[in-house]
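Residues per chain are reported as follows:
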Amino acid sequence: AQRVTQPEKLLSVFKGAPVELKCNYSYSGSPELFWYVQYSRQRLQLLLRHISRESIKGFTADLNKGETSFHLKKPFAQEEDSAMYYCALHLGGAQKLVFGQGTRLTINP
Amino acid sequence: DAGVTQSPTHLIKTRGQQVTLRCSPKSGHDTVSWYQQALGQGPQFIFQYYEEEERQRGNFPDRFSGHQFPNYSSELNVNALLLGDSALYLCASSITGTGTYNEQFFGPGTRLTVL
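All of these numbers come straight from a predicted model, not from anything done at the bench.

Trp35, Leu72 and Tyr85 of chain A are the most contacted members of the largest nonpolar core, which has 26 residues in total. Elements represented by at least two residues in this core include exactly strand 2 (10-14), strand 3 (19-21), strand 5 (32-38), strand 6 (45-49), strand 9 (83-91) and strand 11 (103-108) of chain A. Ranked by residue count, the leading element in this core is strand 9 of chain A, at five residues. Excluding its chain neighbours within four sequence positions, the residues that come into contact with Leu72 of chain A are Val19, Glu20, Leu21, Trp35, Leu47, Leu48, Phe59, Thr60, Ala61 and Tyr85 of chain A. Formed by 20 residues, the second largest nonpolar core is a distinct cluster that contains Val19, Phe47, Tyr49 and Leu76 of chain B.

Another point: the packing of aromatic side chains. Two numbers describe a pair of aromatic rings. These are the distance of the centres and the angle of the planes. Within the structure shown, the criterion is met by 10 aromatic pairs over all chains. Ring geometry for Phe99 of chain A against Tyr35 of chain B: centres 5.7 Å apart, planes inclined by 85 degrees, an arrangement best described as edge-to-face. Here Phe99 of chain A, found in strand 10 (residues 96-99), pairs with Tyr35 of chain B, found in strand 4 (residues 31-37), and the two come from separate chains. With respect to burial, Phe99 of chain A and Tyr35 of chain B carry one shared label: buried. Seen from their ring centres, Tyr35 of chain B and Phe106 of chain B are 5.5 Å apart, and the 50 degrees between their planes marks the pair as tilted. On the criterion of sequence distance, the pair formed by Tyr35 of chain B in strand 4 and Phe106 of chain B in strand 10 (residues 105-106) is long-range, its members being 71 residues apart. Exposure class is identical for Tyr35 of chain B and Phe106 of chain B. Each is buried. Put simply, the rings of Tyr36, Tyr86 and Phe99 of chain A together with Tyr35, Phe45 and Phe106 of chain B pair up and form one aromatic cluster. When the ring centre of Phe105 of chain B is taken as origin, the NZ or CZ atom of Lys26 of chain B, which lies over that ring, is 5.1 Å away.

The subject of this paragraph is the side chain of Gln6 of chain B. Residue and element names in this part refer to chain B. Note that Gln6 resides in strand 1 (residues 5-7). We classify Gln6 as buried; its relative accessible area is 10%. Within polar-contact distance, the side chain of Gln6 engages the backbone oxygen of Tyr89 at 3.0 Å. Within the structure, Gln6 has its side chain in polar contact with the backbone nitrogen of Cys91 (distance 3.1 Å). Those residues in contact with Gln6 that sit more than four places away from it in its chain are Arg22, Cys23, Trp34, Tyr89, Leu90, Cys91, Gly107, Pro108, Gly109 and Thr110.

Summed over all chains, the structure comprises seven salt bridges over all chains. A salt bridge links Glu54 of chain B to Arg57 of chain B, with the shortest nitrogen-to-oxygen separation between them at 3.0 Å. Owing to a relative accessible area of 36%, Glu54 of chain B belongs among the partly exposed residues under this scheme. Where Arg63 of chain B meets Asp85 of chain B, a salt bridge forms, and the shortest distance between an N and an O atom there is 2.9 Å. Of this pair, Arg63 of chain B sits in the loop between strand 6 (53-57) and strand 7 (64-68) while Asp85 of chain B is found in the loop between strand 8 (74-78) and strand 9 (87-94), placing the two residues 22 residues apart along the sequence. By relative accessible area, Asp85 of chain B is classed as buried at 4%. Here the salt bridges share partners, and the residues they tie into one network are Glu20, Lys22 and Lys73 of chain A.

Thresholds applied
Residues numbered from 1 in each chain as written. Chains lettered and ligands numbered in written order. Predicted model: local features only at pLDDT ≥ 70, side-chain atom pairs only at ≥ 80, totals over all residues. Heavy atoms only, no water. Core = buried A, V, L, I, M, F, W, Y, C linked by side-chain atoms within 4.5 Å. Buried < 20%, exposed > 50% of the residue type's maximum accessible area, 1.4 Å probe, protein only. Helix = DSSP H or I, 4+ residues; strand = E, 2+ residues; numbered from the N terminus. Contact = heavy atoms within 4.5 Å. Phe/Tyr/Trp six-rings, centres within 6.5 Å; stacked < 30°, edge-to-face > 60°. Lys NZ or Arg CZ within 6 Å of the ring centre and 35° of its normal. Polar contact = N/O pair within 3.5 Å; in protein donor to acceptor, adjacent residues only side chain to side chain. Salt bridge = Lys/Arg side-chain N within 4 Å of Asp/Glu carboxyl O.

Listed below in structure tokens is the structure:
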């Protein structure tokens with residue numbers, strides 16, 4: 001079965017420290033993975049997708065098929081990064097997303 | 001463009017009642033997906049509508065049904081409400097194209113409370 005696991009419900013780091021939000025997936029096909037973010041009082045929005053291999057707001061994520069992981073990283077956290085982060089798997093053939101349970105990231109000043 | 005809009009914002013129902021939630025997609029989008037997000041959980045896919053037909057369905061009972069109108073807006077109906085149906089219901093719109101994935105844009109959600 002397709003599954004996305006985010007092992008940390010809560011993550012707290014200090015401003016300027018590195019951040020890594022973990023995501024592991026289970027899928028027999030060729031995965032398409034995404035990170036979505038929800039800032040306070042805002043709607044869920046796409047942060048980045050693995051196929052674009054770009055850095056958004058300083059965040060990057062590399063797909064590791066061997067470890068079935070898609071961890072989100074940022075070298076220097078900023079206070080405005082505080083938000084809820086969801087890792088999501090797109091199932092081929094339809095625009096259906098399977099989400100992890102989310103990680104609440106708090107950046108302390 | 002206001003993006004994806006949903007109504008109502010909040011709703012309180014009692015067990016056994018029926019509810020209808022509404023969604024207007026982003027301008028130019030033709031596909032609507034519905035997700036249920038229970039407290040402390042990630043969104044869970046309910047179903048997707050395209051060309052007024054249900055195209056994909058998640059693991060939800062038949063009490064959950066939907067509709068898409070010619071203007072691409074959509075409704076989610078839930079019959080015989082259970083306490084466990086209390087959740088945030090998210091609508092997402094996208095364009096069905098030739099690519100493998102087209103970005104889904106989410107609405108603000110409807111918070112349903114079942115008493």
